[in-house]
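# Secondary and tertiary structure notes
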Amino acid sequence: MRHRHLITKGHQQRDEWVYFVVQSQIGIHHPIHLHGHDFFVLGQLEDQFEARHVPLLNLTNPMRRDVAMLPAGGSLVLAWKTDNPGAWIMHCHIAWHVGLGFGLEFVELEDEMKSKFTTVTDQNSLWTQNANARSKWCMHDLVDQDDSGV
């Protein structure tokens, strides 16, 4: 069974800070990757995040990364600014973990993102021709893919 995890916050303002905690009770490390952003690593903890950990977070010149290690059985505290409209996936970089559902999608600045899209009404446009050609090609089962391909 495939799961799709989607997080939206409602109306967002540009340049708001997002603070996000990823936790695992499983005794193996997970490399966590976020598309669309570099993030700041505020903390990598060996246990589950609790309010008592807030004073331990690095808020002065934290590491900037696009992949960070979630400690085995621990937590990873991340921060990034909402400055890139889009739908961005965060996932474990171990491919079969993504296939088992260890990933989610953030919709960022949805109103701003929607304003950039237009409806293509010209059926003879190059965009429409390419989209139709790709759809026909994708109808062929050339590859038996059983995961997300992330």
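This report concerns the structure included in the present document. Because the structure is a prediction, the values reported are computed rather than measured.

We now examine the overall build of the protein chain. Counting its secondary structure elements, the protein chain contains three helices and nine strands. The linear arrangement of helices and strands in the protein chain, starting from the amino end, is β-β-β-β-β-β-β-β-α-β-α-α. The buried share among the 150 residues of the protein chain stands at 33%. Long-range pairs, those at least 24 residues apart, make up 79% of the contacts in the protein chain between residues at least 6 apart in sequence. Entry remark: accessible area of the protein chain is about 10300 Å², with carbon and sulfur atoms responsible for 54%.

A few words now on the pairing of strand 9 (residues 103–108). For strand 9, the tally of buried residues reaches six of six residues, placing the bulk of the element in the interior. Of the two faces of strand 9, both are covered, the one formed by Gly103, Glu105 and Val107 as well as the one formed by Leu104, Phe106 and Glu108. Sheet topology note: the strand 8 (residues 86–92)/strand 9 ladder contains six bridges and is antiparallel. Its bridge partner lying in strand 9, Ala87 is registered against Val107.

How each quantity is defined
Residues numbered from 1 in each chain as written. Predicted model: local features only at pLDDT ≥ 70, side-chain atom pairs only at ≥ 80, totals over all residues. Heavy atoms only, no water. Helix = DSSP H or I, 4+ residues; strand = E, 2+ residues; numbered from the N terminus. Buried < 20%, exposed > 50% of the residue type's maximum accessible area, 1.4 Å probe, protein only. Contact = heavy atoms within 4.5 Å. Areas by Shrake-Rupley, 256 points an atom, 1.4 Å probe, with all protein chains shown as cover. Pairing = 2+ DSSP bridges.

Taken by themselves, the reported measurements are silent on function.
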